[in-house]
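Take a look at the letters that make up each chain.
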Amino acid sequence: GAGVSQSPSNKVTEKGKDVELRCDPISGHTALYWYRQSLGQGLEFLIYFQGNSAPDKSGLPSDRFSAERTGGSVSTLTIQRTQQEDSAVYLCASSKSSGPYEQYFGPGTRLTVT
Amino acid sequence: GENVEQHPSTLSVQEGDSAVIKCTYSDSASNYFPWYKQELGKRPQLIIDIRSNVGEKKDQRIAVTLNKTAKHFSLHITETQPEDSAVYFCAASLGTGTASKLTFGTGTRLQVTL
């Protein structure tokens, strides 16, 4: 079946602009996570959604970052007034629940802020 | 919060030799420990995972061991092949719900030479 998909695959933006990143989880997966991977680094947790529960936003690095998940499926991560330090690969993952179970990752969006 | 340390950062082995990657975690309540393989430019993919009620798990050439007392876990790859070359990440999770988010190590770049 279809895996996790993300769009765009690459995004180049100017400092100060806003960007929106999209994630389509595997159908039926109720748990959705966003992580950030900076060059040569591990993955850093950003935000977690589970069903209709309030999201866990504890990993968001600043109030310029926000995310939503509509209808329990598609999620968008928004970065306002982008800064150069926001340049990274943003990865989305989903799992069938939050058991914990295997998290399936999308291909990521490579964000470059110039 | 949870902290995961991973060693070594790079590892070079000859084809056919074994490779061992070690991780330590800080929170004794962590109960789920996955290992992800990430090839260059690709998404992370789960290769094996272990839960805290198990000391060892094996899947063909890959095995993971967990020592809860010492709070460390290791990945063992036997009979390495060139296609094993990738970056490997260990991770830890505290359990269900919001605790299911993964805390990752900083990765080990494994190179298998002919």
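Reference entry: report on the structure contained in this document. (Residues numbered from 1 in each chain as written. Chains lettered and ligands numbered in written order. Predicted model: local features only at pLDDT ≥ 70, side-chain atom pairs only at ≥ 80, totals over all residues. Heavy atoms only, no water.)

Below, the discussion takes up the pairing of strand S3 (residues 19-25) of chain B. All names here are of chain B. Judged by which residues are buried, S3 turns out to be one-sided: Ala19, Ile21, Cys23 and Tyr25 face inward and are buried, whereas Val20, Lys22 and Thr24, on the alternate face, are not. Where strand S1 (residues 4-7) lies against S3, four bridges are found, and the strand directions are antiparallel. Bridged to Gln6 within S3 is Cys23. Relative to strand S8 (residues 72-77), S3 runs antiparallel, the two sharing six bridges. (Buried < 20%, exposed > 50% of the residue type's maximum accessible area, 1.4 Å probe, protein only. Helix = DSSP H or I, 4+ residues; strand = E, 2+ residues; numbered from the N terminus. Pairing = 2+ DSSP bridges.)

Time to look at the packing of aromatic side chains. The geometry of an aromatic ring pair is captured by two quantities: the separation of the ring centres and the angle between the planes. On inspection of all chains with the given rule, the structure shows 13 aromatic pairs over all chains. When the ring of Tyr33 of chain A is compared with that of Tyr35 of chain A, the centres are 6.2 Å apart and the planes differ by 20 degrees; the resulting orientation is stacked. Each member of the pair, Tyr33 of chain A together with Tyr35 of chain A, is buried. Ring geometry for Tyr35 of chain A against Phe105 of chain A: centres 5.6 Å apart, planes inclined by 45 degrees, an arrangement best described as tilted. Of this pair, Tyr35 of chain A sits in strand S4 (residues 31-37) while Phe105 of chain A sits in strand S9 (residues 104-105); the two residues are 70 residues apart in sequence, bridging distant segments of the chain. The buried category is assigned to Tyr35 of chain A, whose relative accessible area is 0%. Pairwise contacts between aromatic rings join Tyr33, Tyr35, Phe45, Tyr48 and Phe105 of chain A together with Tyr36, Phe89 and Phe104 of chain B into one cluster. The lysine or arginine in question, Lys96 of chain A, covers the ring of Tyr101 of chain A, its NZ or CZ lying 4.7 Å from the ring centre. (Phe/Tyr/Trp six-rings, centres within 6.5 Å; stacked < 30°, edge-to-face > 60°. Lys NZ or Arg CZ within 6 Å of the ring centre and 35° of its normal.)

What follows covers the layout of surface pockets. In this structure, the largest pocket spans a volume of roughly 670 Å³. Looking at the largest pocket, it is lined by 32 residues, and the ones nearest its centre are Gln37, Gly40 and Arg110 of chain A together with Gln38 and Gly41 of chain B. Looking at the lining of the largest pocket, the elements that each hand over two or more residues are strand S8 (88-95) and strand S10 (109-113) of chain A together with strand S9 (86-92) and strand S11 (108-113) of chain B. Take the lining of the largest pocket: its biggest share by element is four residues, from S10 of chain A. The residue makeup of the lining of the largest pocket, split by class, is eleven nonpolar, 17 polar and four charged. Estimates place the volume of the second largest pocket at around 230 Å³. (1 Å grid on protein atoms, 1.4 Å probe; cavity = no way out; pocket = protein on both sides within 12 Å on 5 of 7 lines; lining within 4 Å. Points joined across faces, edges and corners; volume = space filled by probe spheres on them. Nonpolar A, V, L, I, M, F, W, Y, C, P; charged D, E, K, R; others polar.)

Attention now moves to the pattern of salt bridges. Under the criterion given, the structure shown has seven salt bridges over all chains. Ionic pairing is found between Asp56 of chain A and Lys101 of chain B, a salt bridge with its closest N-O pair at 3.2 Å. One end of the pair, Asp56 of chain A, is in the loop between strand S5 (43-50) and strand S6 (65-69); the other, Lys101 of chain B, is in the loop between S9 and strand S10 (103-104), on a second chain. Classification of Asp56 of chain A by relative accessible area gives buried; the value is 12%. Notably, a salt bridge pairs Asp49 of chain B with Lys57 of chain B, separated by 2.9 Å at the nearest N-O pair. (Salt bridge = Lys/Arg side-chain N within 4 Å of Asp/Glu carboxyl O.)

Take the interface of chain A and chain B next. Across the contact, 22 residues belong to chain A and 20 residues belong to chain B. Taken together, the two surfaces of chain A and chain B that pack against each other cover about 1,700 Å², and 54% of this comes from carbon and sulfur. The largest per-residue losses of area from chain A upon contact with chain B belong to Leu43, Pro100 and Phe105 of chain A, which jointly make up 33% of the total buried on that side. The interface formed by chain A and chain B contains one salt bridge. Counting across the chain A and chain B interface gives eleven residue pairs in polar contact (both at pLDDT 80 or more). Sorting the residues of the side of chain A that touches chain B by element identifies S4 and S5 of chain A as the ones contributing at least two each. Residue classes in the side of chain A that touches chain B are distributed as eleven nonpolar, nine polar and two charged. (Contact = heavy atoms within 4.5 Å. Buried area = accessible area lost by both parts, 1.4 Å probe. Polar contact = N/O pair within 3.5 Å; in protein donor to acceptor, adjacent residues only side chain to side chain.)

No statement about biological role is implied by the geometric values presented.
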